[in-house]
Amino acid sequence: MATIVSLKELSKKEDLFVSGHRMCAGCGAPIIVKMVLLASEYPLVAANATGCLEVSSCISEFTSWKIPWIHNAFENAAATISGVETMFRSLKKQGKIDKDLKFIAFGGDGGTYDIGFQSLSGAMERGHDMLYICYDNGAYMNTGIQRSSATPFGADTTTCPSGDVIPGKLQERKDITKIIAAHGVPYVAQASPSHWADLVKKVKKALEIKGPKFMNILSPCNRGWRSRTDDAILLSRIAVETCYWPLFEIENGITRITMKPKVNKPVVDFLKPQGRFKHMFNPGNEWMLQQAQEGVDRYWQKLLKEEQNSAPSE
């Protein structure tokens, strides 16, 4: 049965991530966290890797989190929450805890794709009952907008600057969602804050599934993307409509695309509002726009085939 998400009912729930944090105006991360926490019907415990979200949401003795929240190092959010989940199972077995708790780790793309990948992979392989959420803004935004393996092709960052030597990042971004799916976990998904009902449904579904789950959620960063401070939801929506950021889930090996645009918009609609791609529109760089579009088209066609091939036979 499909999960029904009511905006009216969500609006009645208590916010568990509240104002007072120091995230930049227009940042996608606090929007995502608020949606995720509202989606849960269970008491939650969260671990948070070092990054924008962590340093800005808990300053000295002040915090925006209204749930038990653990700050850990850049590289070990998944290891931390898997340890807490293991302790919980032990205490429940001993009869010292009689309620159900759910465990979530939050990490940016730097702490997920790169620095924290080893602990994430280990937690997924061991089978801990946890949900890992990556808020993906496509670079190390907290420390100076350095390139990460989530940085898309062509992007201008401080460590792959567009100039006479290179025209921005020359590599495609890592497909972390499919990499985690290859661990054989029961559920992985991609989501976007622009499609809030899809995001909330996926969180609700993930929390009902036993075992390790992973969600990759697009998180616009106007500082690093060099975009407007009021366009996080707009850019998130365009990312989905251009198929730059397709919405899909893989549940027990079965792929399902959860939003198919009626007409796929050209990827330039996503690139043009962002200053990090400005150089791609200069004369002589037409090949970059073509390569970017070809990469998006190739991934989308592959995803469609995966959905078709993995669909259960009637």
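Our subject in this report is the structure included herewith. This structure is a prediction, so every number in the text was calculated from the model and none was measured.

Conventions adopted
Residues numbered from 1 in each chain as written. Predicted model: local features only at pLDDT ≥ 70, side-chain atom pairs only at ≥ 80, totals over all residues. Heavy atoms only, no water. Helix = DSSP H or I, 4+ residues; strand = E, 2+ residues; numbered from the N terminus. Buried < 20%, exposed > 50% of the residue type's maximum accessible area, 1.4 Å probe, protein only. Pairing = 2+ DSSP bridges. Phe/Tyr/Trp six-rings, centres within 6.5 Å; stacked < 30°, edge-to-face > 60°. Lys NZ or Arg CZ within 6 Å of the ring centre and 35° of its normal. Expected span 1.5 Å × (residues − 1). Axes fitted to C-alpha atoms, helices over the stretch in contact; angles between N-to-C directions. Parallel < 35°, antiparallel > 145°, perpendicular 65-115°, else oblique. Left-handed = near helix turned anticlockwise from the far one by under 90°. Contact = heavy atoms within 4.5 Å. Nonpolar A, V, L, I, M, F, W, Y, C, P; charged D, E, K, R; others polar. Polar contact = N/O pair within 3.5 Å; in protein donor to acceptor, adjacent residues only side chain to side chain.

## A closer look at the environment of Ile238
Phase 1 of the analysis: Mapped onto the elements, Ile238 comes out in helix H10 (residues 232-241).
Phase 2 of the analysis: The exposure class assigned to Ile238 is buried, which follows from its relative accessible area of 13%.
Phase 3 of the analysis: For the pair Ile238 and Gly163, spaced 75 residues apart in sequence, the C-alpha separation works out to 27 Å.

## Looking at the pairing of strand S6 (residues 130-136)
Phase 1 of the analysis: Of all seven residues in S6, seven are buried, a share of seventy percent or more.
Phase 2 of the analysis: Along S6, one buried face is formed by Met130, Tyr132, Cys134 and Asp136 and the opposite face, lined by Leu131, Ile133 and Tyr135, is buried too.
Phase 3 of the analysis: Two strands pair when backbone bridges link them, and strand S5 (residues 102-108) and S6 are joined in this way by five bridges, in the parallel orientation. Each bridged residue has a counterpart across the sheet, and for Gly107 the counterpart in S6 is Cys134.
Phase 4 of the analysis: Pairing between S6 and strand S8 (residues 212-218): seven bridges, direction parallel. The partner of Met130 across the bridge, within S8, is Pro212.

## With respect to the packing of aromatic side chains
Phase 1 of the analysis: For the coordinates displayed, the defined rule picks out nine aromatic pairs.
Phase 2 of the analysis: Measuring from ring centre to ring centre gives 6.1 Å for Phe74 and Tyr140, while their planes differ by 70°; the resulting arrangement is edge-to-face. Linking Phe74 in the loop between strand S4 (69-71) and helix H4 (77-93) with Tyr140 in the loop between S6 and helix H7 (176-181), this pair joins segments that are 66 residues apart in sequence.
Phase 3 of the analysis: Judged by relative accessible area, which is 14%, Tyr140 ranks as buried.
Phase 4 of the analysis: Residues Phe88 and Phe103 carry aromatic rings whose centres are separated by 5.3 Å and whose planes lie at 55° to one another, so their mutual orientation is tilted. A residue pair is termed long-range when its members are at least 10 positions apart, and Phe88 in helix H4 and Phe103 in strand S5 qualify at 15 residues.
Phase 5 of the analysis: Residue classification places Phe88 among the buried residues on the basis of a relative accessible area of 9%.
Phase 6 of the analysis: Among the aromatic residues, those joined into a ring-pair cluster are Phe17, Trp65, Trp69 and Phe106.
Phase 7 of the analysis: The positively charged end of Lys102 is found above the aromatic ring belonging to Tyr42, 4.7 Å away from the centroid.

## Concerning helix H2 (residues 28-39)
Phase 1 of the analysis: End to end, H2 covers 17 Å across 12 residues, agreeing with the expected 16 Å (1.5 Å per residue, within 8%).
Phase 2 of the analysis: Counting buried residues in H2 gives 10 out of 12 residues, a clear majority hidden from the surface.
Phase 3 of the analysis: Every buried residue of H2 is accounted for by Gly28, Ala29, Pro30, Ile32, Val33, Met35, Val36, Leu37, Leu38 and Ala39.

## Some words on the packing of H2 against helix H8 (residues 196-208)
Phase 1 of the analysis: Running from N to C, H2 and H8 cross one another at 50°; their axes reach a closest spacing of 9 Å. Classified by the interaxial angle, the pair formed by H2 and H8 is oblique. Of the two elements, H2 crosses H8, and the hand of that crossing is right-handed. Every residue of H8 that contacts H2 at Met35, Val36 and Ala39 is listed here: Trp196, Leu199, Val200, Val203 and Lys204.
Phase 2 of the analysis: Each residue belonging to the contact of H2 with H8 can be placed in one class, and the counts come to seven nonpolar, no polar and one charged.

## A few points about the pairing of strand S9 (residues 247-251)
Phase 1 of the analysis: Where burial is concerned, most of S9 is hidden: four out of the five residues are buried.
Phase 2 of the analysis: As paired strands, strand S7 (residues 187-191) and S9 are joined by three bridges and run antiparallel to one another. Its bridge partner lying in S9, Tyr187 is registered against Glu251.
Phase 3 of the analysis: In the sheet, S9 pairs with strand S10 (residues 254-259) via five bridges, with the strands oriented antiparallel. Residue pairing for S10: Glu251 is matched across the bridge by Ile254.

## Comments concerning the side chain of Asn285
Phase 1 of the analysis: Secondary-structure assignment places Asn285 in the loop between helix H11 (268-271) and helix H12 (286-310).
Phase 2 of the analysis: The class of Asn285 is buried, set by a relative accessible area of 15%.
Phase 3 of the analysis: Here the side chain of Asn285 touches His279 through a polar contact of 2.8 Å, landing on its backbone oxygen.
Phase 4 of the analysis: Not counting the four nearest positions on each side in its chain, Asn285 is found in contact with His279 and Met280.

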